[in-house]
Amino acid sequence: MTERRLTTLGALGKIVIGSTPPGDDPTHFDGPVPFVTPADLDGRRIVDTAARSLTEQGAGLIGAARAPRGCVLLVCIGADLGRTACAGIDTAINQQLAAIIVEPPNSARYVYYDLRARRRELRAAAGGSAQPILTKSTLLRTPIVLPAPPRQRAIVDALGALDDKVELNERLCLTLAEIARARFRAQFVDLPGGPGRDWKVVRLGDLFDLEKGLSYRGELLGDAGPRLLGLGQFAARPELGFDELPRRYCGRHRERHLVSAGDLMIANTDLTQRRELIGIPLRVPELGEGPLLFTHHVYAVRFHRGCEDWRDFVFFALQQPEFRARAAGFAAGTTVLSLPRDAVLDHAIALPPPRLRAAFARVTRPLLARIDHARHESRALAELRDHLLPGLVSGALVPPRVGGRPAVP
């Protein structure tokens, strides 16, 4: 067994809680300072870009709410609580994030892996009646078991080799999806002279209906029953799918609350006012477990009889800027945004003749199949990584040779 010691996150260095400048002043935003929010923690190991930014004036208003490159980022409020990443840039962070600045000789990347494997534990430790929250005082007291620094680095190398493959798969998925999207736009959108005479303009409601999912009880989420797909499985980049398997649900449900691999779903809710997820489509992955449940935050697309062949076409149509703008425009709500069914069903699209749809399918279905395979492999690698971590930390497993370096005893 290797030497280990029990300590706390607060003893590793410094913990910074983020902040946000007043949103009613546009001079605070869209400047040179990256501003990382939970939306940027999308499964990547290293966050080196931010969707939002601050001006120097806006950054000055939040003072010390900065995360230096190399620190560990942790979502400490809300539905994404427990998500982690490493900062690849110096950045400001919003109030939903904490930055754990690990001082040498300990490894920040090791702390990242440890916390990533303990997301459920972190959520259980969170308090708050309206939404879960990890306060700074709770984070300072959070225990962590540390091997000696050389072994920390060896564990990081071993697990990093798995993550390297996951990230390679992500880049592959992005490339294949971009090829498929470009093909869709070239064949069906950016047409000189517009659609031909043999095209037909229809409402999406002429092709399918929408079914809202299960209104579930949080205390029934666990390790028994079918997996429950919800907003946590949606991302602004549909081609990446999700990196974590959804939890299971042991409560009662009906047949209409089930979806199968290949079905389409649409996010009908956004818990923020940024409209990033509202209307995003998702193809249900093959998890090898039979039908899956889906929550009331999601619509399942139920194609009318004889319209099932339009599934792939509709998936790409829902990603087009025209539909994204419509979904954002129809989203309503003061705190939680929701997308009305009719906003989707009344959206008009031009359908090409079946021969063109079939030609598109012959090109894109192999691309989608390869994306599905890469997603499945990535989930398996991520699961292996999380299973290996406890044994590596405890000393029951010895880190293997990585990159020609000898194993650490």
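All figures in this text were calculated on a predicted structure; none of them were measured in a lab.

K.L.:
Any chance you could explain the nonpolar core here in plain terms?
P.N.:
Nonpolar side chains in soluble globular proteins tend to be buried together. Among the nonpolar cores identified, the biggest contains 41 residues, and Leu207, Phe208, Leu210, Phe303, Trp310, Val314 and Val344 are the most heavily contacted of them. Examining the composition of this core, we find that six residues originate from one element, helix α5 (residues 149-189), more than from any other. Leaving out residues up to four positions away in the same chain, Phe208 has contacts with Val301, Arg302, Phe303, His304, Val314, Val344 and Leu345. Within the second largest apolar cluster, 30 residues are counted, among which are Leu9, Val111, Leu389 and Val393.

K.L.:
Whenever I open this one, α5 confuses me. Can you help?
P.N.:
Because an α-helix packs 3.6 residues into every turn, residues spaced three or four apart end up facing the same way. The terminal C-alpha atoms of α5, which comprises 41 residues, lie 55 Å apart, in line with the 60 Å expected from a rise of 1.5 Å per residue. Maximum bend of α5: about 25 degrees, positioned at Gly160.

K.L.:
So what exactly am I meant to see when it comes to the side chain of Thr269 here?
P.N.:
Mapping Thr269 onto the fold places it in strand β18 (residues 269-270). In this structure Thr269 comes out as buried when scored by relative accessible area, which is 7%. In terms of polar contacts, Thr269 uses its side chain to reach the side chain of His297, at 3.5 Å. Ignoring any residue separated from it by four or fewer positions in sequence, one finds Thr269 in contact with Leu231, Ile278, His297, Val336, Leu337 and Ser338.

K.L.:
Honestly, the sheet that holds strand β4 (residues 46-47) in this entry has me stumped. Any pointers?
P.N.:
In sheet architecture, strand pairing relies on hydrogen bonds along the backbone and comes in two forms, parallel and antiparallel. Overall, mixed pairing links the five strands, which are arranged β2-β10-β7-β8-β4 in an open sheet. Two strands close off the open sheet at either side, each with one partner strand: β2 (13-17) and β4. Contacts from helix α2 (residues 108-116) reach β4, β7 (72-75), β8 (84-87) and β10 (97-102), with the element oriented near 165 degrees to β8.

Calculation rules
Residues numbered from 1 in each chain as written. Predicted model: local features only at pLDDT ≥ 70, side-chain atom pairs only at ≥ 80, totals over all residues. Heavy atoms only, no water. Core = buried A, V, L, I, M, F, W, Y, C linked by side-chain atoms within 4.5 Å. Buried < 20%, exposed > 50% of the residue type's maximum accessible area, 1.4 Å probe, protein only. Helix = DSSP H or I, 4+ residues; strand = E, 2+ residues; numbered from the N terminus. Contact = heavy atoms within 4.5 Å. Expected span 1.5 Å × (residues − 1). Bend = angle between axes of the 7 residues up to and from the residue. Polar contact = N/O pair within 3.5 Å; in protein donor to acceptor, adjacent residues only side chain to side chain. Pairing = 2+ DSSP bridges. Axes fitted to C-alpha atoms, helices over the stretch in contact; angles between N-to-C directions.

Such coordinate-based values are descriptive only and should not be taken to indicate function.
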